[in-house]
Amino acid sequence: LAKAGGIVSLADLAAASPKRRAPIEADYRGHTIHAPPPPSSAGVHIAQMLNILEGFDVAALGVASTEAVHLLAEVLKIAFADRQAATADPDFVTVPVEHLTSKAYAAKRRGQIDHARAGAYIADPALESPNTTHVTVADAAGMIVATTQTINSLFGARIAVPGTGMICNNYMLNFDPRPGRALSIVPGKRVFTSMAPTIVSRGGRPVFALGQPGGLKIFGSVMQAIINLIDHGMTLQQALETPRVWTQGLELELEPAVPDRVAGALAAMGHTVQRVKTIGGGINAIAFSPDGMMEGAACWRADGAVAGLGGGLARKGVRFAPETAAAP
C-alpha cells in the first residue's frame, strides 16, 4: 500500500479488529427475522419495511399486481429516506434502532402512504456496485452460516495483497465527504453496507436462511423474498425467482416479468417506470423442515448453484449393502 502511495500503516492494521454485535430481530406474522445490525442497513430497514407491510393484506394484493408493486415501491422509498439520514457506524453515530424498528413508527409511516399516487421520499443516490458474493450453508448439527462478502467496485481498490490473492476493497467510496453527517468520514469509522445475510425462525426453530449479492439493492430484494415465502406461501425456488421491483425514491425499476399493464398503471400513478433486465443479484437460500430435511435454491440472476454434501457413518441402525444377485 505504501509503495502505491497509500496512507494505511501497520499500526492501522494492528488496531483493526472484528466486532460482535447482536442481530436486529423483527417479528413478522409469527416469524422472527434475524438480520445484521448497523452499520449494515439490512436489519433495521428490513424490519422497518416488514413492520409497515404487516398492516396490509399483502397476500390478497397478489404478486406483481399494480397495488402490490405500488406498496412495495412506497415502503422502499420510506426505508431509503430514513437510511440516508440515520444509518451509520453506531460507534460514531447514534442510530435510532428501537425507533426505526418499532411498530408505532411503522404505523406512523404506514399512514403516510397514498394508495392512489406515488409519494416523494427522496434520498441521495448511493454509489454501490454489484461485485459481491453470498453463500448460505447449514449442516446436520444445526449450524447455519449466511455470509456476504464484497470488494465493492470491479477489482475493488485494484490492489492485491502479495502472496495471498486477496483484493483490497474500495468501500470508502460510500462515505460522505461532507462533515457533520451520519456517513461523514471519521478515523476508525466503519462504512454502512447493504449486505443482508438473514435467518428466519418460527417458534425458536429456523425455517429459512438466505442472502445475495447485488450492491445497494440487496436488502430490498431479500425483503421481497421474505414476503414471497411468508405472505404468498411460495416454494423456495418460486420465492427467489419471482420478479422484483426496486426504487430508492427516483425511478421505479421493474423486471421484465412484471406485466406491461401494471407498468402502465404505475406510470399513471406518478411513478417514473424503468424496465431493467435484473434487479439485485442471484439470491440463494435454504429451507428447513421440522423433520430435519433441508432444501436449497438459487435463482436465475447469477451463476449460483445448490449442493448437498454427505459423508461419514450412517445413522445408528441403518446399514447399506449391495443387493445380492438372484441365483440362476
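Residues numbered from 1 in each chain as written. Predicted model: local features only at pLDDT ≥ 70, side-chain atom pairs only at ≥ 80, totals over all residues. Heavy atoms only, no water.

Asks: Quick one: what's the story with empty space enclosed by the protein, residue by residue and with numbers?
Replies: Per the stated rule, a full pass over the model turns up three cavities of 30 Å³ or more. As a volume, the largest cavity reaches approximately 150 Å³. Taken together, 17 residues make up the lining of the largest cavity; nearest its centre are Ala64, Ala68, Leu72, Ile227 and His232. Counting only elements with at least two residues in the lining of the largest cavity, the list comes to α3 (58-61), α4 (66-86) and α7 (218-230). Residue contributions to the lining of the largest cavity peak at four residues, all from α4. (1 Å grid on protein atoms, 1.4 Å probe; cavity = no way out; pocket = protein on both sides within 12 Å on 5 of 7 lines; lining within 4 Å. Points joined across faces, edges and corners; volume = space filled by probe spheres on them. Helix = DSSP H or I, 4+ residues; strand = E, 2+ residues; numbered from the N terminus.)

Asks: Outline the packing of aromatic side chains, listing residues and values.
Replies: The full count for this structure, using the stated rule, is two aromatic pairs. With centroids separated by 5.3 Å and ring planes inclined at 25°, the aromatic side chains of Phe80 and Phe219 adopt a geometry described as stacked. Taken together, the residues Phe80 in helix α4 and Phe219 in helix α7 connect sequence positions 139 residues apart. Residue classification places Phe219 among the buried positions, given a relative accessible area of 0%. Both rings, one in Phe80 and one in Trp246, keep their centres 5.1 Å apart while their planes meet at 85°; by these two values the pair is edge-to-face. Residue Phe80 is found in helix α4, and its partner Trp246 is found in strand β9 (residues 245-246); the two are separated by 166 residues along the sequence. Assessed through its relative accessible area of 3%, Trp246 is described here as buried. Counting every residue linked through ring pairs, the aromatic cluster contains Phe80, Phe219 and Trp246. (Phe/Tyr/Trp six-rings, centres within 6.5 Å; stacked < 30°, edge-to-face > 60°. Buried < 20%, exposed > 50% of the residue type's maximum accessible area, 1.4 Å probe, protein only.)

Asks: Give me the lowdown on the packing of α4 against helix α9 (residues 260-268), citing residues and values where you can.
Replies: Contact geometry for α4 and α9: axes closest at 9 Å, N-to-C directions at 55°. When the axis of α4 is compared with that of α9, the two are oblique. Along this stretch, α4 crosses α9, giving a crossing that reads as right-handed. The residues of α9 that touch α4, namely those facing Thr66, Val69 and His70, are Val262, Ala265 and Leu266. Among the residues making up the contact of α4 with α9, the classes are represented as four nonpolar, two polar and no charged. (Axes fitted to C-alpha atoms, helices over the stretch in contact; angles between N-to-C directions. Parallel < 35°, antiparallel > 145°, perpendicular 65-115°, else oblique. Left-handed = near helix turned anticlockwise from the far one by under 90°. Contact = heavy atoms within 4.5 Å. Nonpolar A, V, L, I, M, F, W, Y, C, P; charged D, E, K, R; others polar.)

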